Structure formats: structure tokens, C-alpha cells
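Each chain, written out:
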Amino acid sequence: MLTEAPLDLEEVLGRLGARDHGAVVTFSGVVRGLEGGAPIGAIVYEAYRPMAEAELARIAREASARWSVAAAASHRLGAVKVGEASLIVAVQ
């Protein structure tokens, strides 16, 4: 899922739907405050939405098929400030 809104871990977890697995692993990519040693205030993410959403869904399907897991991901678009999550991935 792509969104301009702040990412919500609980929303990503709610899309897993696999309650029969014994663990959930999450990853959050957070905007860092330095790029090449210089301070930054935000990163601006752009995407061709139809292609990016299809690719996120394809990756989740491939993970499910290869390892019998449920996977979900959300990625921010637009300006994401330092310290905010730009990507959340959950696997169960």
C-alpha cells in the first residue's frame, strides 16, 4: 500500500490475516537525519502508483508462495520528515 499519510504499524499487521503463525516480524525504514554527512529535514518519495502498488503486492505474494508466510507492506509518498517511517514491512 502506498500512502501520503503517516504509516501505521497496526494497519499493516491487520492486513496479514494469518493468525495461525507463531511470530510476527516487522521492519520499519526510518528517514535518517544525515545524507552524505549533511543534515536533511525530509526525503520526498515519488512513485508511479499503479506500478509500485503492483510490485508491493507481487513481493508479498512471492514471499507467501516461497516460505508459507503472510506478508504486508506500506510505503510513504511525498515528504517524509526525519525520524518518520517511510516503509513498514510485516511478515507472519
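See above for the structure.
Calculation rules
- Residues numbered from 1 in each chain as written.
- Predicted model: local features only at pLDDT ≥ 70, side-chain atom pairs only at ≥ 80, totals over all residues.
- Heavy atoms only, no water.
- Pairing = 2+ DSSP bridges.
- Helix = DSSP H or I, 4+ residues; strand = E, 2+ residues; numbered from the N terminus.
- Salt bridge = Lys/Arg side-chain N within 4 Å of Asp/Glu carboxyl O.
- Buried < 20%, exposed > 50% of the residue type's maximum accessible area, 1.4 Å probe, protein only.

Asker: Go over the pairing of strand 8 (residues 85-91) with me, naming the residues and quoting the values.
Answerer: Two strands pair when backbone bridges link them, and strand 2 (residues 25-30) and strand 8 are joined in this way by six bridges, in the antiparallel orientation. Each residue of the ladder has a partner; that of Thr 26, found in strand 8, is Ala 90. Direction of pairing for strand 6 (residues 71-76) relative to strand 8: antiparallel, over a ladder of five bridges. Residue Ala 73 lies in a different strand from strand 8, and its bridge partner there is Val 89.

Asker: So what's going on with the pattern of salt bridges? Residues and values would help.
Answerer: In this structure the tally under the stated criterion is eight salt bridges. In this structure, Glu 53 engages Arg 49 in a salt bridge whose closest nitrogen and oxygen atoms are separated by 3.4 Å. With Glu 53 and Arg 49 both in helix 2 (residues 49-67) and four residues apart, this pair spans about one turn of that helix. Residue Glu 53 is classed as partly exposed on the basis of its relative accessible area, which comes to 31%. Looking at Arg 49, the relative accessible area reads 29%, which means it is partly exposed. A salt bridge links Glu 62 to Arg 58, with the shortest nitrogen-to-oxygen separation between them at 2.7 Å. One end of the pair is Glu 62 and the other is Arg 58, both in helix 2 and four residues apart, which spans about a single turn. Accessibility expressed as a relative area gives 34% for Arg 58, which makes it partly exposed. Connected through shared salt-bridge partners, Glu 55, Arg 58, Glu 62 and Arg 66 make up one network.

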